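What the coordinates show
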Amino acid sequence: MSLFSELRRRNVLKVALLYALASLIVVWVVGGSLIWLGAPVWANEFVLLVLAIGFPVALIFAWAYEITPAGLKKSLDVDQTQSIVFKTGQKLNAAVAVLAVLGALALIGQRLLPEFEFPAIIEPILLAPVYEKPDKEGVPEEIRAHTLDNGLRIVVWPDHDIPSVVMYNYVRAGGRNEYPGITGLSHFFEHMMFNGTTRRAQGEFDETMEAAGGANNAYTSKDLTVYQDWFPKSALETIFELEADRLENLAIDPGVVESERGVVYSERRARYDNDNFGRLYLEMNATAFIAHPYQFPVIGWSSDIENWTQEDLESYFRTYYAPNNLTMVFTGDIAAEQILELAESYFGSIPAQPAPRAILTREPEQLGERRFLLEVDAPTPLFHMSFHAGSATDPETLPLSVLLNILVGGSSSRLHQQFVEQEEIALSVGGFQMEGLDPGLVYFYLTLPPGADTDAVEARLLEELSRIVVEGVTDAELQKARNIMIADYWRGLATIDGKAAALGRAEVFFGDYQQAFSLPDDLAGITTAQLQEVAADVFERRRMTVGVLRSPTEDDTQ
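Going along each chain's sequence as written, the residues are numbered from 1 onward. In keeping with the model being predicted, local features are shown solely for residues with a pLDDT of at least 70 and side-chain atom pairs are shown and tallied solely at 80 or more, while totals for entire chains, interfaces and linings include all residues. Excluding hydrogens and water, the side-chain figures rest on all heavy atoms present in the structure.

**Examining the nonpolar core**
To define a nonpolar core, start from buried Ala, Val, Leu, Ile, Met, Phe, Trp, Tyr and Cys residues and group those joined through side-chain atoms within 4.5 Å. When accessible area is computed with a 1.4 Å probe and restricted to protein chains, residues below 20% of their type maximum are described as buried, those above 50% as exposed, and intermediate ones as partly exposed. Formed by 63 residues in total, the largest nonpolar core has its most connected members in Phe-387, Phe-444 and Phe-539. The element contributing the most residues to this core is helix H15 (residues 397–408), with seven residues. The contact criterion used is simple: two residues touch if any of their non-hydrogen atoms lie within 4.5 Å. Look past the residues within four positions of Phe-539 in its chain and what remains in contact with it is Phe-387, Leu-400, Leu-403, Val-442, Phe-444 and Leu-465. Met-192, Met-193, Ile-305 and Leu-340 belong to the second-largest nonpolar core, a separate cluster that totals 55 residues. Segments assigned H or I by DSSP are reported as helices when at least four residues long, segments assigned E as strands when at least two residues long, and all are numbered from the N terminus.

Listed below in structure tokens is the structure:
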């Protein structure tokens, strides 16, 4: 009798087939249930391990007791109403049941199973990925982080207050990554990422997301392009599918490119060419920086917008939208393991690319004042002043932020009270600090009354900055600034959107999401003496750039 006939007669094939079918059903049912229940990442692997062990064991027993001579001899000594396969199957099922009960207990207890260290040769097979846990005091212990094999960085902060989720995708592509000829490309791709893939038509991305209850936005800065999704928990897999599709299959269609080129050009005209503040701001950056790419407008120079080539676009996207150049942050009603598994499933197959070229240019020290005048139709003159300052990680950056809060932080700030309320030499006054990947600027901007004396305003602003250097600030002013900044900080972390923004900023600019939780302690350690030292270091006239925008005077037109 042939081997096949013998296997069939003694039910070995039936045992194999039934076990295989049962295993598929178990994987399908149990796997779906575990995802629905938010079970830990090892649960699926446990089920697969039990089935993987049971299947060959069942076949080995069936072969040994039904086919081999020794097995056949033994079968003569047992009750023939029940075959050895049947009895062995009973024992095997009992063993599997015991393992299943242990697994269920482990799911409930989470810590009932001991941790084993497998040899390195089988570790990739048996162990789930090790997700990074916080190791600093004051950092929520539920946060997890992981870097996929292709370099994509994922940070997850579960927050179950409401059934909603936020996703931020930080692309390390901004104005600093551009050069003459391709300025504005980072911002251009902010538009293109919503304009279709090889699988989805133009506009389908938004339609699908909105149908699932989600919304999105994006922005581009001198350092980054950031994509934001807000959506209900039920849309989680839909969002992953949408995001993976546009990262892997973005359509850079020449027709769409020309259409969006026109949109971006119109945006530039509206925000900069036909807006006095925007126009002056572009000229300030182009004057304050003479070497570093921070000098370029994020939206791009007009001639570059007109002349990007298809090759420029494809090369830029391939380089900067590779997974090894991205950081994704998820917050909301989610399980960390679930997000990290979905990330592996949807993004893990996207290939990494060679790292983008490093930005090695450093702005040389400014050794003298720079100033310029723009004469255009302006009902109210504008006065801007900047000084070179540090990057986001510079030790002086936080003290300088506190000092700016004292000077221009709201209607009770020093400069607003003096210039707007008391002396009435300005209609408004404000300021900010560029906290980027590279050293930037601290920037003041004033809107002046018609016919204002800009030289007198400059003198008064420099006088107030010098007063900080000589006299410092009061303890009350420092405490007020601390209170405002701490209140803003906690208000931000009260929302899942604020949580995502804080984690992402810390991870991208400081290289560690845990830095997002250091602000309260850092602020508590700042002193009035530090603020005075920072003012003396930064507010030097040789590091100053001044820009004025006003209407032409009668003398100018003669």
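Back to the text.
**As for the pattern of salt bridges**
Salt bridges are identified by distance alone: a Lys or Arg side-chain nitrogen within 4 Å of an Asp or Glu carboxyl oxygen. Counted by the stated rule, this structure contains 32 salt bridges. A salt bridge links Arg-199 to Asp-245; its shortest N-O distance comes to 3.8 Å. With Arg-199 in the loop between helix H7 (185–192) and helix H8 (204–211) and Asp-245 in helix H9 (residues 236–249), the pair connects residues that are 46 residues apart, well separated along the chain. Between Glu-241 and Arg-200 there is a salt bridge whose closest N-O contact spans 3.2 Å. Taken together, the residues span a long stretch of sequence, with Glu-241 in helix H9 and Arg-200 in the loop between H7 and H8 at a distance of 41 residues. For Arg-200, a relative accessible area of 12% puts it in the buried group. One connected set of salt bridges, linked through shared partners, spans Glu-423, Arg-460, Glu-463, Glu-464, Arg-467 and Glu-471.

**Here's the deal with unusual backbone geometry**
Of note in this structure, Glu-424 is not a glycine but carries a positive phi near 55°. One can find Glu-424 in the loop between helix H16 (414–422) and strand E9 (428–433). On the accessibility criterion, Glu-424 (57% relative accessible area) is exposed.

**Comments concerning the packing of aromatic side chains**
Only rings of Phe, Tyr and Trp enter the pairing, Trp through its six-membered ring, and a pair is recorded when the two centres are within 6.5 Å. The plane angle decides the type: under 30 degrees is stacked, over 60 is edge-to-face, the rest tilted. Using the criterion set out here, one finds 24 aromatic pairs in the structure. Plain terms: the ring middles of Trp-157 and Phe-517 are 5.3 Å apart, the flat faces sit at 70° to each other, and that makes the pair edge-to-face. You can see Trp-157 sitting in strand E2 (residues 153–158) and its partner Phe-517 sitting in the loop between helix H19 (496–510) and helix H20 (519–524), a full 360 residues away along the chain. Phe-517 carries the same exposure label as Trp-157, and that label is buried.

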